[in-house]
Amino acid sequence: MSTHGFVGIGTPDQFHARYNHADSYPTGLGAEVWAKARQFLHEDAHLHGFAHTLLSYTDWRQMSTAGLCPYCGQATGQPHSICGVVYTADAFPDVTSLAAYQTARQQPGLSAAEALRRAREEWSIIQNLRRTGYPDPEARYHQHETLEEADLTPDTLDWLFMEWGYVIDPETFRMHVLVGCIETPVTYTLEIMRPHGDHAVLPHNKRYTGALLASYDLREPEPSWAAVAEAGYALRKTLGAAFAADPTHPLLAAVRALPPVEVWD
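Residues numbered from 1 in each chain as written. Predicted model: local features only at pLDDT ≥ 70, side-chain atom pairs only at ≥ 80, totals over all residues. Heavy atoms only, no water.

> What should I look at first to understand the nonpolar core in this one?
Nonpolar side chains in soluble globular proteins tend to end up buried together. Counting 35 residues, the largest nonpolar core has Val33, Phe50, Trp60, Ile168, Met175 and Leu218 as the members making the most contacts within it. Put simply, the parts of the chain that give this core at least two residues each are strand E1 (5-10), helix H1 (26-44), helix H2 (48-55), strand E5 (164-169), strand E6 (174-193), strand E7 (199-217) and helix H6 (225-245). Ranked by residue count, the leading element in this core is H1, at six residues. Filtering out sequence-adjacent residues up to four positions away, Leu218 remains in contact with Trp34, Ala37, Arg38, Leu41, Leu47, Ile168, Phe173, Arg174 and Met175. Counting residues in each nonpolar core, the second largest holds nine residues, with Phe15, Ala17, Met162 and Val167 among its members. (Core = buried A, V, L, I, M, F, W, Y, C linked by side-chain atoms within 4.5 Å. Buried < 20%, exposed > 50% of the residue type's maximum accessible area, 1.4 Å probe, protein only. Helix = DSSP H or I, 4+ residues; strand = E, 2+ residues; numbered from the N terminus. Contact = heavy atoms within 4.5 Å.)

If you want it as structure tokens, here you go:
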């Protein structure tokens, strides 16, 4: 599932983090981060290697690929804006020419011109796969994030889209678990700028926030991630109710300090 989250280095209040797109639950990403951090701790007797490795990538998913892009093979940022053509499979390994590939890929109801256009696009991908093992070695059909674009901090996080966070503190050997998507009574105005020059103004959008759920010593036994998840759901519900009952709750101070207007280009 696309449950968004992040993995960071620092403390619950000050950290630099990287995004994770799916299965960010404690039972998924939480257990994965714990295992990876423990691996570094076992091998190095410290966590600075874990911190350096994570922050040299643009996305947590790169930890499993050593930072190599699966589409071009380069050691670069996480791929995005990916064209569907790069998913073309080499289904006809005996085909050795564009004309033969067009014939093999011909579909009923498809014009000759459209069939040729598709064949030319797909054939270049097939050739790339056979030549390099990667569908898009020149990055013509995808883009990459930079480290600057990928960096998440407490000032840039949007807790509406971050359900869980895991922050490793190399100095204290602790793993901090944060829970997000906590609704607050604070609202803001969203302005959406459209390409043709017009824009939409959407007032009264709810702000969301996150909170520290628990901290665990990585040198001690692994926690029950199912129990951590349940505690997180309970905290989200409890704080949401507390904020609704008391709009002056001290944990809302940081939320109220956010700009009252956001502009999306």
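There's plenty left to go through after this.
> What should I look at first to understand the pairing of E5 in this one?
Consecutive residues of a regular strand have side chains that alternate between opposite faces of the sheet. For E5, the tally of buried residues reaches six of six residues, placing the bulk of the element in the interior. Across the two faces of E5 the burial is the same, with Trp164, Tyr166 and Ile168 and Gly165, Val167 and Asp169 all buried. Taken together, the five bridges between E1 and E5 define a ladder with parallel strand orientation. When the bridges of E5 are listed, Ile9 appears paired with Ile168. One ladder, built from six bridges, connects E5 with E6; its direction is antiparallel. By the bridge assignment, Val167 is partnered in E6 with His176. Between E5 and E6, which pair antiparallel one after the other, the connecting turn spans four residues, and Phe173 there sits at a positive phi close to 60°. (Pairing = 2+ DSSP bridges.)

> What should I look at first to understand the layout of surface pockets in this one?
Any empty space left between the atoms is revealed when a probe the size of a water molecule rolls over them. Estimates place the volume of the largest pocket at around 780 Å³. Surrounding the largest pocket, 27 residues form its lining, Pro154, Trp159, Thr209, Ala254 and Val255 being those nearest its centre. Elements with a minimum of two residues in the lining of the largest pocket: E6, E7, H6 and helix H7 (253-256). Element by element, the count of residues in the lining of the largest pocket is highest for E7, at seven residues. (1 Å grid on protein atoms, 1.4 Å probe; cavity = no way out; pocket = protein on both sides within 12 Å on 5 of 7 lines; lining within 4 Å. Points joined across faces, edges and corners; volume = space filled by probe spheres on them.)

> Sorry, what's going on with the pattern of salt bridges here?
Any two side chains of opposite charge can pair, given that their charged atoms come close. A complete count under the given rule lists nine salt bridges for this structure. Put simply, Glu122 and Arg105 hold a salt bridge, and the shortest N to O gap is 2.9 Å. Taken together, the residues Glu122 in helix H4 (residues 112-132) and Arg105 in helix H3 (residues 98-105) connect sequence positions 17 residues apart. Overall, Glu122 belongs to the buried group, its relative accessible area being 12%. Under the relative-accessibility criterion, Arg105 is labelled partly exposed at 26%. Where salt bridges share partners, they join Glu114, Arg117 and Arg118 into one cluster. (Salt bridge = Lys/Arg side-chain N within 4 Å of Asp/Glu carboxyl O.)

> Even after reading the chapter, I still don't get unusual backbone geometry, so can you show me in this structure?
Across the chain, the bulk of peptide bonds are trans and the bulk of non-glycine residues have phi less than zero. Its identity is not glycine, yet Ala66 carries a phi of approximately 55°, on the positive side. As for its position among the elements, Ala66 is in the loop between H2 and strand E3 (79-80). Take Ala66: its relative accessible area is 52%, and that puts it in the exposed class. Its identity as a non-glycine residue notwithstanding, Ala139 has a phi of 55°, on the positive side. As for its position among the elements, Ala139 is in the loop between H4 and strand E4 (143-144). The exposure class assigned to Ala139 is partly exposed, which follows from its relative accessible area of 25%.

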